[in-house]
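Close look at the chain arrangement
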Amino acid sequence: MSSNCLFRVQRVCNHLKQHTVMSRRANSSYSTAGIIIIGDEILKGQTQDTNSHYLCKNLHSHGIRVNKIITIGDELDVIAKTVKEFSEWYTFVFTCGGIGPTHDDKTFEGVANAFDDKIQAHPELVELCTKYFKVSDLSSPKMKMAFIPDSAKLNWGKDDRTGEQTIYPLISVRNVFIFPGVPSIMEKAFKLLQHLFHDPEHLFYSRSIYINQDEISVVSTINEGVRQFGDRVSIGSYPEFHNSYYKVHLTMESSRQEEVIKAFEFFSNRLPQGSIVDYDADAVTNAMEVVPKLLKNTQLPLGFHAKLRHAVSVLEDALQQYSLTEICVGFNGGKDCTAILHLFYSVVKRKFPDQDVKIKVLYIKSKQQFPEVELFIQDAVQRYSLDLISYHGRIKCSMGQLKSDHPKVQAVVMGSRRSDPHCNKLNSFSRTDPDWPQFMRVNPVLDWSYSDIWTFLRTLSIPYCSLYDRG
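The sections below set out a description of the structure shown in this document. (Residues numbered from 1 in each chain as written. Predicted model: local features only at pLDDT ≥ 70, side-chain atom pairs only at ≥ 80, totals over all residues. Heavy atoms only, no water.)

Two side chains that carry opposite charge are able to pair once their charged atoms sit near each other. Taken as a whole, this structure holds 15 salt bridges when the rule is applied. Among the ionic pairs, Lys84 bridges to Glu88, the shortest N-O distance being 3.6 Å. Here Glu88 and Lys84 lie together in helix H4 (residues 76-89), a separation of four residues that amounts to about one turn. We classify Lys84 as partly exposed; its relative accessible area is 39%. Taking the shortest distance from any N to any O, the salt bridge between Arg256 and Glu258 comes out at 3.6 Å. According to the relative accessible area criterion, Glu258 is partly exposed, its value standing at 42%. (Salt bridge = Lys/Arg side-chain N within 4 Å of Asp/Glu carboxyl O. Helix = DSSP H or I, 4+ residues; strand = E, 2+ residues; numbered from the N terminus. Buried < 20%, exposed > 50% of the residue type's maximum accessible area, 1.4 Å probe, protein only.)

Structure follows, in structure tokens:
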């Protein structure tokens, strides 16, 4: 067969393949998404990808089903090939990473190659880079972010609180949206432009049930539910081996809300009595509602409501006297300071609802620290988005180091209770002893009992160190 014939056959095959792919995407009853994580550092394990999880969670809530996630390196041909394929298969394509001034930032060029496009200096971005980086030479590395695919669109976000436009736009080409790889920047860009990614006609409805028995003991009930609702409801069963509250997470999801409700009622009635746990999977996200939720709970021990109101009042007074840069929370992973951290986080979020604030926490490491404690503290830093200040050694020396390294800090919120050693004479606000580095100690839970701490933690499903479950 001649080369011309081969070429014609190949063109026909490619045309048929593209037609099939595009038809499949067009005939989909719901919007789909593909996520491309780009970066050698991800593949080498040097950086952990959190962007895909964030996108999956938020896209799902917007009625968009993520069908595939792939992680690729900083190779131009691979980026171009993957972007082209994803663009044909999915309604939306999201890339994360590979944007910047360095040699390995190749995403813009890769996307351009995917669509046989050219990289050009965009006038608006040239002006932006000139103003921001104080350069005018187009060959400067600082100008690299001004060069985008010729057919690209600039999507400017707007902060609803301030009315200010984002410094740098989200670049898109056709159905491909090119996000930065830095999680905080990516998340901010998504929040400001999430109206672009929404399918109100195909929202997903879901319910969850948390079960305190192992999966094998409830599998027959789950299978019965699948037989009855499986053609209309997607049912998932996910065992959990390290959660302090439940052992199985059962999910029900459908585009038909009434079917989800029926499946939920079925499992609620058929699962063993006492096996369903009242669990809040978003305890930190819902922290602003901590006080109202607890104060409405009539099942709590006598006197707890008054102690809670007092603790909140102490923390509110502390935030009146000190700014967030002047106050930190003592946090060593223990149950008392975990309760304090969550309560303080709740009060801060209620006081500053529209601000992305970072709470300072002071962690003084002992010589022999359990690895479970270290892991829990690192998880808490991520969970609450904390500014961690850590020292090794004795408490007094560490407080002196804190005074030296962070001279603005004037107060430390403590989880001290009167039953603790040397705490029976403390007040809600007590200065450190004269021979200690001078700080105001804020003690919101002085009169709380051991039982009160556990009531607070477990009623709100607050994560705590796994060592407590081992006795």
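On to the state of the cysteines, then. By the definition in use, this model includes zero disulfides. With no disulfide partner, Cys328 has as its closest neighbouring cysteine sulfur the one in Cys337, 12 Å distant. Using a relative accessible area of 0% as the deciding quantity, one classes Cys328 as buried. Cys337 forms no disulfide, and the closest cysteine sulfur to it belongs to Cys465, at a distance of 9.9 Å. (Disulfide = S-S within 2.5 Å.)

For the rest of this paragraph, the subject is the side chain of Thr166. Within the element layout of this structure, Thr166 appears in the loop between strand E6 (153-155) and strand E7 (170-173). Look at Thr166 and you get buried, because its relative accessible area is 19%. Among all residues touching Thr166, those that are not within four sequence positions of it are Trp156, Gly157 and Leu192. (Contact = heavy atoms within 4.5 Å.)

Another aspect to go through is helix H11 (residues 304-321). Look at H11: 26 Å from first C-alpha to last across 18 residues, which is about the 26 Å you get at 1.5 Å a residue. When H11 is considered as a whole, its buried residues turn out to be Phe304, Leu308, Ala311, Val312, Val314, Leu315, Ala318 and Leu319. End-on, the buried residues of H11 take up no more than an arc of 155 degrees, which puts them together on one face. The outward face of H11, more than 90 degrees from its buried face, is lined by the exposed residues Ala306 and Gln320. (Expected span 1.5 Å × (residues − 1). Arc of directions from axis to C-beta.)

What follows is about the packing of aromatic side chains. Overall, the coordinates contain 28 aromatic pairs when judged by the stated rule. An aromatic cluster is defined as three or more aromatic residues linked by ring pairs; in this entry it consists of Tyr210, Tyr245, Tyr246, Tyr279, Tyr450, Trp454, Tyr464 and Tyr468. Above the ring of Tyr30, the side-chain terminus of Arg65 is found at 4.3 Å from the ring centroid. Of note, Arg207 hangs over the ring of Phe264, and the distance from its end group to the ring centre comes to 3.8 Å. (Phe/Tyr/Trp six-rings, centres within 6.5 Å; stacked < 30°, edge-to-face > 60°. Lys NZ or Arg CZ within 6 Å of the ring centre and 35° of its normal.)

Within the secondary structure, Ser275 is located in the loop between helix H9 (257-270) and strand E12 (276-277). With relative accessibility at 0%, the residue Ser275 sits in the buried group. Through-space distance from the C-alpha of Ser275 to that of Tyr246 is 9.1 Å; in sequence the pair is 29 residues apart. Excluding residues that lie within four positions of it along the chain, Ser275 makes contacts with Tyr210, Ile211, Asn212 and Gln213. Of note is the side chain of Ser275, whose polar atom sits 2.6 Å from the backbone oxygen of Pro272. (Polar contact = N/O pair within 3.5 Å; in protein donor to acceptor, adjacent residues only side chain to side chain.)

Attention shifts here to the sheet that holds strand E2 (residues 64-72). The pairing of strands in a sheet comes from backbone hydrogen bonds and takes either a parallel or an antiparallel form. The six strands are arranged E2-E1-E3-E8-E7-E6 in an open sheet whose pairing can be described as mixed. This sheet does not close on itself; its edge strands, each paired only once, are E2 and E6. The mean angle between the axes of side-by-side strands here comes to 25 degrees, regardless of whether they run parallel or antiparallel. Of the pairings in the sheet, the one linking strand E1 (residues 31-38) to E2 comprises eight bridges and is parallel in character. Looking at E2, one finds that Ile36 is bridged to Ile70. (Pairing = 2+ DSSP bridges. Axes fitted to C-alpha atoms, helices over the stretch in contact; angles between N-to-C directions.)

Across the chain, the bulk of peptide bonds are trans and the bulk of non-glycine residues have phi less than zero. Phi at His422 is positive, roughly 65 degrees, even though this residue is not glycine. Locating His422 in the fold gives a position in the loop between strand E16 (411-413) and strand E17 (429-431). One non-glycine residue, Ser461, adopts positive backbone phi at about 60 degrees. Here Ser461 shows up in the segment after helix H15 (450-459).

Turning our eyes to something else, we now look at the sheet that holds strand E9 (residues 205-211). Taken in spatial order, the four strands make up an open sheet running E10-E11-E9-E12, and their pairing is antiparallel. Every interior strand has two partners, whereas the edge strands, strand E10 (234-239) and E12, have only one. Taken together, the six bridges between E10 and strand E11 (residues 248-254) define a ladder with antiparallel strand orientation. Bridged to Ser234 within E11 is Glu253. Relative to the sheet, helix H8 (residues 215-229) contacts E9, E10 and E11, its axis offset from that of E10 by approximately 170 degrees. Against the sheet, H9 touches E9, E10, E11 and E12, its axis set at about 10 degrees to E9.

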